[in-house]
Amino acid sequence: MQNISSRELHKQIQMHLESLRLSGVEWLENNNNSTLQISEGLAHKSPPVDGEAAVTNLPLPEKSSTHSVLHSLEKKTGLLQLLKEEVANCVKCPQLVQTRKNTVFGVGKIEPDICFVGEAPGSAEDEKGLPFVGEDGLLLDKILKACGLSRDEVYFLNIISCKPPDKRLPLPSEVSNCRGFLEKQLALVKPKVICCLGSCAAENLLDTKIPVNKLRGKFYDWKGIQVLCTYHPLSLLRTPEKKKEVWEDMKFLISHLGRVLPKLGS
Ligand code: URA
């Protein structure tokens, strides 16, 4: 059995409570049938640190806002790690569990300007367990570079976390099984803007049947986060004429974020 300090155990319980709270669970039932509310305070209350009892009558140093920002990013990193482990152990979609090599969780910066949402992992992603690392990922890297962005400044994730077999689209049941993971991840990552890549991402995130070509050029709201839709890089590989429209969408997004495009050739 693994040895774990009470402080570490407390931290893990806190992270689990916070993860439950973020996924919408408000109450837990006790053994004696009473209920316990998972309030933000409860999930956040820190245990006394080792040796704190001995110094409780000393004034505590003031915590700077930089400290609390770091603290909250650290906490989110821990919660995302727990969620990633939950995804890796998920067996809700029997066919995908049979055919997947790896689950593919999101990667990138927490609280970025942009989070790109794709459809589902392809073969390269399934192999490496990372999103957008195939041919369409390379094209996405070029688009990012043209926008003055690097991979570690943004976040990438997919509507579903496992590769569907035979290059088929995710089934509605698979999308719905993965929805909780997607929503919890977006709530933790908290991007300024979500950029949906392609119809699968746009239609499923926004719960619409309007095709992506009609959704482009306008911001939508998803739980308080702005959403812009554009074509998937894979469709640019098939239909290069769409590159012009994607570039229009990216320029619109970059200027909306108050960022400046790099000079040509830089
Ligand atoms: N296509 C997607 O939609 N997502 C990936 O991660 C890779 C390819």
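Provided above is the structure to which this section pertains.
Model, not experiment: these values are computed from the prediction.

A. Region of interest: helix α11 (residues 243-256). For α11, spanning 14 residues, the distance from its first C-alpha to its last is 20 Å, which sits close to the expected 20 Å at 1.5 Å a residue. Buried within α11 are the following residues: Val246, Asp249, Met250, Leu253 and Ile254. Along the long axis of α11, the arc covered by the buried residues comes to 130 degrees, so they all point the same way. Away from its buried face by more than 90 degrees, α11 exposes Lys244 and Ser255. Among the structural elements, β4 (114-118), α6 (135-146), β6 (193-197), β8 (225-230) and α10 (233-238) are those in contact with the buried residues of α11. Where α11 ends, the next residue or the one after it, Gly258, has phi of about 75 degrees, a positive value.

B. Highlighting the site of the ligand. The immediate surroundings of the ligand are formed by Gly118, Glu119, Ala120, Glu125, Pro131, Phe132, Asp136, Asn158 and His232. A distance of 3.2 Å is found between a nitrogen atom of the ligand and a backbone nitrogen or oxygen belonging to Ala120. Contact distances for the ligand include 3.0 Å between an oxygen atom and a backbone N or O atom of Phe132. About the coverage of the ligand: the protein hides 94% of its 240 Å² of free accessible area. Taken atom by atom, the bulk of the ligand overlaps the largest pocket. Tallied by class, residues from the shell around the ligand come to three nonpolar, three polar and three charged.

C. Molecular detail of the nonpolar core. Core analysis: the largest hydrophobic core is formed by 59 residues, its most contacted members being Phe116, Ile194 and Leu253. A total of seven residues in this core trace back to one element, the largest contributor, which is helix α7 (residues 172-189). Discounting residues that sit within four places of it in the chain, Phe116 has contacts with Leu144, Val154, Tyr155, Phe156, Leu157, Cys195, Leu197 and Met250.

D. Seen up close, the sheet that holds β8. Strand order in the open sheet formed by six strands is β3-β5-β4-β6-β8-β7, with mixed pairing between adjacent strands. Single-partner strands in this sheet number two, and they are β3 (107-108) and β7 (220-222). Contacting β4, β6 and β8, α11 runs over the sheet at an angle of about 160 degrees to β8.

E. Here's a closer look at the pattern of salt bridges. For the coordinates displayed, the defined rule picks out 13 salt bridges. Residue Glu86 pairs with Lys184 through a salt bridge whose shortest N-O separation is 3.8 Å. One end of the pair, Glu86, is in helix α3 (residues 65-88); the other, Lys184, is in helix α7, with 98 residues separating them in the sequence. With relative accessibility at 38%, the residue Glu86 sits in the partly exposed group.

F. The layout of surface pockets, seen in detail. In this structure, the largest pocket encloses a volume near 1,000 Å³. In terms of lining residues, the largest pocket is bounded by 38 residues, among which Glu119, Ala120, Leu169, His232 and Leu234 are the most central. Among the secondary structure elements, those contributing two or more residues to the lining of the largest pocket are α5 (123-128), α6, α7, α8 (198-206) and α10. Per-element accounting of the lining of the largest pocket gives the leading share, five residues, to α8. Residue composition of the lining of the largest pocket, grouped by class: 16 nonpolar, ten polar and twelve charged.

G. Local environment of empty space enclosed by the protein. This model, assessed by the stated rule, comprises four cavities of 30 Å³ or more. Taken as a whole, the largest cavity encloses approximately 120 Å³ of empty space. In this structure, the largest cavity is lined by 14 residues; those nearest its centre are Cys90, Cys93, Leu96, Cys162 and Cys178. Going through the elements one at a time, α4 (94-99) and α7 are the ones with two or more residues in the lining of the largest cavity.

H. Main features of the packing of aromatic side chains. The final tally for this structure, using the stated rule, is three aromatic pairs. Between Phe132 and Phe156, the ring centres sit 5.9 Å apart and the planes meet at 45 degrees, which makes this aromatic pair tilted. With Phe132 in the loop between α5 and α6 and Phe156 in strand β5 (residues 155-158), this pair connects stretches of sequence that are 24 residues apart. Residues Phe132 and Phe156 agree in their burial class; the two are buried. Ring centres of Phe219 and Phe252 lie 5.3 Å apart, and the angle between their planes is 45 degrees; on these two criteria the pair is classed as tilted.

What counts as what
Residues numbered from 1 in each chain as written. Predicted model: local features only at pLDDT ≥ 70, side-chain atom pairs only at ≥ 80, totals over all residues. Heavy atoms only, no water. Helix = DSSP H or I, 4+ residues; strand = E, 2+ residues; numbered from the N terminus. Expected span 1.5 Å × (residues − 1). Buried < 20%, exposed > 50% of the residue type's maximum accessible area, 1.4 Å probe, protein only. Arc of directions from axis to C-beta. Contact = heavy atoms within 4.5 Å. Near = heavy atom within 4 Å. Polar contact = N/O pair within 3.5 Å; in protein donor to acceptor, adjacent residues only side chain to side chain. Areas by Shrake-Rupley, 256 points an atom, 1.4 Å probe, with all protein chains shown as cover. 1 Å grid on protein atoms, 1.4 Å probe; cavity = no way out; pocket = protein on both sides within 12 Å on 5 of 7 lines; lining within 4 Å. Sits in = over half its atoms within 2 Å of the grid points. Nonpolar A, V, L, I, M, F, W, Y, C, P; charged D, E, K, R; others polar. Core = buried A, V, L, I, M, F, W, Y, C linked by side-chain atoms within 4.5 Å. Pairing = 2+ DSSP bridges. Axes fitted to C-alpha atoms, helices over the stretch in contact; angles between N-to-C directions. Salt bridge = Lys/Arg side-chain N within 4 Å of Asp/Glu carboxyl O. Points joined across faces, edges and corners; volume = space filled by probe spheres on them. Phe/Tyr/Trp six-rings, centres within 6.5 Å; stacked < 30°, edge-to-face > 60°.

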